[in-house]
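Residue-level structure breakdown
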Amino acid sequence: MFSDAQLKFITDILAGLGQVFFASLVVPYVVSDVSGEFLSSGIILSFGSWVSGLIITQKIKTNN
């Protein structure tokens, strides 16, 4: 369906998204209060992006 190069590109995007979601959790602590809903959704999005990227990377390595 996707080539290895395309999957690698998607993995890089997911890793970047994970970093952005994680950074969005840290910045509000410096600026103002953070709600529990914001914190939990940020954690889920961060780890979800990172885990998805790891799974895709594993599939790329098993195909080669």
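Quick caveat: nothing in here was measured; it's all calculated off a predicted structure. (Residues numbered from 1 in each chain as written. Predicted model: local features only at pLDDT ≥ 70, side-chain atom pairs only at ≥ 80, totals over all residues. Heavy atoms only, no water.)

**Some points on the packing of aromatic side chains**
Formally: In this analysis, rings of Phe, Tyr and Trp, with Trp reduced to its six-membered ring, are considered paired at centre separations within 6.5 Å, and the interplanar angle assigns stacked below 30 degrees, edge-to-face beyond 60, and tilted for intermediate values. Counting from the N terminus, the helices are the DSSP runs of H or I reaching at least four residues and the strands are the DSSP runs of E reaching at least two. Type-normalised accessible area, obtained with a 1.4 Å probe on protein chains alone, sets the label of each residue: buried when under 20%, exposed when over 50%, and partly exposed for intermediate values.
Counted under the stated rule, the structure contains 2 aromatic pairs. Centre to centre, the rings of phenylalanine 22 and tryptophan 50 are 6.0 Å apart; their planes meet at 45°, and the pair counts as tilted. Remark: tryptophan 50 occurs in helix α2 (residues 36-63) and phenylalanine 22 occurs in helix α1 (residues 4-31); sequence separation between them is 28 residues. What makes tryptophan 50 partly exposed here is its relative accessible area of 28%. Between the aromatic rings of phenylalanine 47 and tryptophan 50, the centroid separation amounts to 5.6 Å while the plane-to-plane angle is 75°, which identifies the pairing as edge-to-face.

**Some thoughts on the pattern of salt bridges**
Heads up, the condition is: Should a side-chain nitrogen of Lys or Arg be within 4 Å of a carboxyl oxygen of Asp or Glu, the pair is scored as a salt bridge.
Taken as a whole and assessed by the stated rule, the structure comprises 1 salt bridge. As a salt-bridge pair, aspartate 12 and lysine 8 come within 3.2 Å of each other at their nearest N and O atoms. Here aspartate 12 pairs with lysine 8, and both are found in helix α1, just 4 residues apart, close to one helical turn. By relative accessible area, lysine 8 is classed as partly exposed at 47%.

**Comments concerning the side chain of serine 46**
Quick reminder of the rule: Throughout, a residue-residue contact means that at least one pair of heavy atoms, one from each residue, lies within 4.5 Å.
The residue serine 46 is located in helix α2 in this model. If we ignore the near neighbours within four places in the chain, the residues touching serine 46 are Gly18, Phe21, Phe22 and Leu25.

**Observations regarding the environment of alanine 5**
Locating alanine 5 in the fold gives a position in helix α1. Sequence separation between alanine 5 and glycine 36 is 31 residues, and the spatial gap between their C-alpha atoms is 38 Å.

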